[in-house]
Amino acid sequence: MSSNFTATQSLLRQAFPPSKAQTVFTERVQRKPLILNGAVASARDLRRHQQPSKPKRKPAPLTARQKRALRIHEIPPSARKYALYEPLHRLWIGYMQEILRGAAGASKETFGVKLASADYHGAEMEVVRSGCPSRVGVKGICVKETRGMFYIVTEKDAVKEIPKEHTVFRFQVPVVDREGVPELRADGTARNMVFELHGSQFMYRAADRAGRKFKQKPITDL
């Protein structure tokens, strides 16, 4: 190590006067780290390492073609079980009873808007009229809704894709009092409110329908 210092001092004396050479050696050379291998990093590289790393960008969302290829919207065979959706149907009944209780005493228009903007995932629907006669009588729990289709799981564990257009769906909601106790008829059976949903007037996605303002329109396709 002393021989290295001696060689360094002799080189400095060739470039500076003896007094200045000693000062440069003491202030700039002595006890300074010496990089033996690798290139010396530039000032820009040093600043890059000292600065905090930028957060990574979020991945781009999947395109419609990629979603179709991955089949992320399809109902797998293991989920095509009617019994799986019976708890969802019970939750939906409570949800609809809250909506209808909140609309009690309101005008017919307000009552209809609440039904039109409701969510029907979990509703037990039955096709009562359709442009395709073979679909009449299909009944099951709605597990998926798109702009033009209701996907229904029947009691036979089959998924039926029912177009909304030119189709009328029927669903029922049990009547309860203010305390939530079901009301009964004279024969002891439960009282139900029966509604019919005209699919041609329902050609919207569930998310779009929730915040949409509906106006009364005449029904001309019956």
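Located above this text is the structure these notes cover.
Figured I'd write up the structure that's included with this text. (Residues numbered from 1 in each chain as written. Predicted model: local features only at pLDDT ≥ 70, side-chain atom pairs only at ≥ 80, totals over all residues. Heavy atoms only, no water.)

1. Here we look at the overall build of the protein
Part 1: A tally of helices and strands in the protein yields seven helices and six strands.
Part 2: The order of helices and strands in the protein, counted from the N terminus, is α-α-α-α-α-α-β-β-β-β-β-β-α.
Part 3: A buried classification covers 26% of the 222 residues belonging to the protein.
Part 4: Sequence separation of 24 or more characterises 51% of the internal contacts of the protein that already satisfy a separation of 6 or more.
Part 5: Just so you have it, the protein exposes about 16,500 Å², and 53% of that area is on carbon and sulfur atoms. (Helix = DSSP H or I, 4+ residues; strand = E, 2+ residues; numbered from the N terminus. Buried < 20%, exposed > 50% of the residue type's maximum accessible area, 1.4 Å probe, protein only. Contact = heavy atoms within 4.5 Å. Areas by Shrake-Rupley, 256 points an atom, 1.4 Å probe, with all protein chains shown as cover.)

2. Here we look at the nonpolar core
Part 1: Of all hydrophobic cores here, the largest spans 23 residues; its most connected members are Trp92, Met96, Tyr120, Met125, Phe150 and Phe171.
Part 2: The leading source of residues in this core is helix α5 (residues 82–102), at five residues.
Part 3: Beyond its immediate chain neighbours, meaning those up to four positions away, Phe150 contacts Tyr120, Met125, Cys142, Lys144, Glu145, Lys160, Glu161, Ile162, Lys164, Phe169, Leu197 and Phe202.
Part 4: Judged by nonpolar contacts, the second largest core, of nine residues, contains Ala79, Tyr85, Ile141 and Met149. (Core = buried A, V, L, I, M, F, W, Y, C linked by side-chain atoms within 4.5 Å.)

3. Topic: a nonpolar patch on the surface
Part 1: Taken together, the side chains of Leu62, Leu70 and Ile72 define a hydrophobic patch exposed on the protein surface, amounting to about 280 Å² of accessible area.
Part 2: With respect to the secondary-structure elements, Leu70 resides in helix α4 (residues 64–70). (Patch = residues over 30% accessible without salt bridge, like charges linked within 9 Å, V, L, I, M, F, W, Y side chains within 5 Å. Salt bridge = Lys/Arg side-chain N within 4 Å of Asp/Glu carboxyl O.)

4. Quick notes on the pairing of strand β2 (residues 139–145)
Part 1: Of all seven residues in β2, six are buried, a share of seventy percent or more.
Part 2: Bridge analysis of strand β1 (residues 124–130) against β2 gives three bridges, and the strand direction is antiparallel. In the strand pairing of β2, Glu124 is matched with Ile141.
Part 3: With five bridges joining them, β2 and strand β3 (residues 149–154) adopt antiparallel strand pairing. Bridge assignment links Cys142 to a residue of β3, and that residue is Ile152.
Part 4: Taking the residues between adjacent antiparallel strands as the criterion, β2 and β3 are bridged by three residues. (Pairing = 2+ DSSP bridges.)

Function cannot be read off these values alone, since they describe shape.
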